[in-house]
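# Working through the structure, step by step
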Amino acid sequence: MASDSRPVAGWWRTGLCRAVLTALLLLLPLIGSSAGEVVSVVRAGSLLDIVNERLLSDQMITIQGGRILAVQPWSAAAVPENATVHDWSAWTVLPGLMDMHTHLADSAQSANVLAPLEMTAAQSVLQGVAHAERTLLAGFTTVRDVGVWRAFNDVALRDAIDGGIVPGPRMAVVGAYITVPGGAGDITGQAFDVAVPADLRFGVVRSPDEVRERVRTLIQNGATFIKTLATGAVLTTGTQIGAQELSEEELRAAVAEAAQYGVYVTAHAHGAEGIKAAVRAGVRSIEHGSLLDAESIELMRERGTWLVADIYNAEYIDRAGRLEGWPAEMLAKNDATADVQRENFRKAHAAGVRLAYGTDSGVYPHGDNALQFAWMVRYGMTPMQAIRAATLSAAEMLGWEEQVGSIGPGKWADLVAVPGNPLEDITVLETVVAVMKGGSVYLEPARN
Ligand SMILES: [Zn+2]
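Residues numbered from 1 in each chain as written. Predicted model: local features only at pLDDT ≥ 70, side-chain atom pairs only at ≥ 80, totals over all residues.

### So, unusual backbone geometry
Our working definition: Here a strand is any run of E in DSSP of at least two residues, a helix any run of H or I of at least four, and the numbering for each starts at the N terminus. Note on burial: count the other C-beta atoms lying within 10 Å of the residue's C-beta; 20 or more is buried, 12 or fewer is exposed, in between is partly exposed, and C-beta positions come from the backbone.
The phi torsion at Phe152 lies on the positive side, around 70 degrees, for a residue other than glycine. Checked against the element boundaries, Phe152 lands in the loop between strand E6 (140-145) and helix H4 (153-162). With 23 C-beta atoms packed within 10 Å, Phe152 lands in the buried category.

### Topic: the confidence of the model for the chain
Interpretation of this model should avoid reading the predicted coordinates in detail wherever pLDDT is low. Rules: pLDDT gives the predictor's per-residue confidence on a scale running from 0 to 100. Here, residue contact means that the backbone-derived C-beta atoms of the two residues sit within 7 Å.
Residues at a pLDDT of 70 or more form 91% of the chain, whose mean pLDDT is 92. Segment residues 20-35 is flagged for pLDDT under 50; beyond a separation of four residues in sequence, or across chains, it makes 8 contacts in the model.

### With respect to the sheet that holds E6
Rules: When DSSP finds at least two bridges between two strands, those strands are taken to pair. Axes here refer to lines fitted to C-alpha atoms; in helices the fit is confined to the stretch in contact. Angles between the N-to-C directions go from 0 to 180 degrees.
Strand order across the open sheet formed by 3 strands is E5-E6-E7, with parallel pairing between neighbours. The sheet is open, and its two borders are formed by strand E5 (97-102) and strand E7 (170-172), each paired with just one other strand. Strand-to-strand twist of the sheet, defined as the mean angle between neighbouring strand axes without regard to direction, takes the value 20 degrees. Examined bridge by bridge, E6 and E7 share 3 bridges and lie parallel to one another. Along E7, the bridge assignment pairs Thr142 with Arg170.

### Examining the pairing of strand E15 (residues 440-443)
In the sheet, strand E14 (residues 434-437) pairs with E15 via 3 bridges, with the strands oriented antiparallel. When the sheet's bridge partners are listed, Val435 is paired in E15 with Leu443. The turn joining E14 and E15, which pair antiparallel and follow one another in sequence, is formed by 2 residues; a positive phi near 55 degrees is taken by Gly438.

### With respect to the sheet that holds strand E13 (residues 415-418)
One open sheet accounts for 7 strands, arranged E3-E2-E1-E4-E13-E14-E15; its pairing is mixed. Each edge of the sheet is formed by a strand with only one pairing partner; in this case those strands are strand E3 (67-73) and E15. Sheet twist, expressed as the mean angle between neighbouring strand axes with direction ignored, is 35 degrees. Sheet topology places E13 next to E14; 3 bridges connect them, and they run antiparallel. The residue of E14 that forms the bridge with Ala417 is Ala434.

### Regarding helix H7 (residues 272-281)
Across the 10 residues that make up H7, a large majority, 8, are buried. Every buried residue of H7 is listed here: Ala272, Gly274, Ile275, Lys276, Ala277, Ala278, Val279 and Ala281. In this fold, the buried residues of H7 make contact with helix H6 (248-260), strand E10 (265-269), strand E11 (285-288) and helix H8 (294-303).

### Focus on the domain arrangement of the chain
We count it as follows: For the domain bounds, the source is a domain assignment made automatically or taken from a database. Each residue receives one of three labels: charged for Asp, Glu, Lys and Arg, nonpolar for Ala, Val, Leu, Ile, Met, Phe, Trp, Tyr, Cys and Pro, and polar for the others, Gly being one of them.
Here the chain is described as being made up of domain 1 (39-91 + 408-443) and domain 2 (97-398). Spacing between the C-alpha centres of domain 1 and domain 2 amounts to 31 Å. Elements represented by at least two residues in the side of domain 1 that touches domain 2 include exactly E14 and E15. Among the residues making up the side of domain 1 that touches domain 2, the classes are represented as 12 nonpolar, 1 polar and 4 charged.

### What to know about the nonpolar core
Our working rule: In this usage, the nonpolar core is the set of buried Ala, Val, Leu, Ile, Met, Phe, Trp, Tyr and Cys residues whose C-beta atoms join them within 7 Å.
Among the nonpolar cores identified, the biggest contains 127 residues, and Ile226, Leu251, Ala254, Ala278 and Ala394 are the most heavily contacted of them. With 6 residues, the single largest contributor to this core is H7. Domain assignment of the residues forming this core places at least three in each of domain 1 (39-91 + 408-443) and domain 2 (97-398). Residues in contact with Ala254, not counting those within four places in the same chain, are Ile178, Val211, Val215, Ile226, Thr228 and Val265.

Next comes the structure, spelled out in structure tokens:
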């Protein structure tokens, strides 16, 4: 993970945790213990073991300092003295879910394409605070946030969460979109002589040199990874989904510059030519991938490029867009990508392309992130494969697999509980009843 210490620092700064630790330290002489031995325990009725693809029953998860110490059958272990016990024995416990395509630190998508110009950066990031909490309470304890209109709002939100100031998921962030002028990541729709604030156009680039300079600045100011826009977008008016925007040379410049810092690049891409240019340039992942052709699927499989396809999203755009009167151009582009993206998702999965769960939350309401699981199962995945895409596979794509993505010793205690068996009914993931992140409980199951 980019910074291991941040979530711990956040945990420390939480007033309640400080108070509890202070009390324990005062009790030290009485209980003959040390603060280092303070543990909590989760009793899991069932536990989904992602690594070995099996469901275990009645397990004890022992947690210390926010991390998992041990996982063992309840009957085989004694509850450590003075441990806090979370009784989740009526539920199935999974690793915290992970959404690899969110937009937390912005206002929600609406019919108004000029909405980003109608609020200050502070107003939009404060909306992000509510989005982050909603996402966490829906069971998503880690997100890869793929961009903001106002540069560095995502960095501010990530830092506030890691600092324990506001609740939210662990966030990988980009700082700003790397995009061509008038392209998918630029603000469009206003008159050409309207002065747009500089932070709304921070990532707009006109050459490979500008790409390198902007990538450096983003990383120096807190970006975890780089988001490029390789083609037009469904929801950016005036752009075409099939048209390549950043050149292959510019994409290569982004990948090479980011690599200097050990940072990877992802590319938003709908059209096949833009997808292939980005894959050849060496991006780690393709967002959307709507118009994949056989050649691009083969290229991605060969290169190990991840696909993050938001195959629930089009359903929401169609419904809300028609109801709320979103621009006809958006709805037409949505129609042109909805079904073909799902079929291409099926083909890519069958061909062995690596898939990670990503939904484009922010286009649809934050907190509904789990609705995509059912679509992934409908389009060719087993429930276990879909859950793996939203846990261990997502962690591997982030390079955070030592920290999150499964329930095992040494990993952060990021856990969720759901009613029933998600391997039999994937939709139970839509009703998460308990959420723990880094050993802190954010949602407890109601007593049954
Ligand atoms: Zn997006």
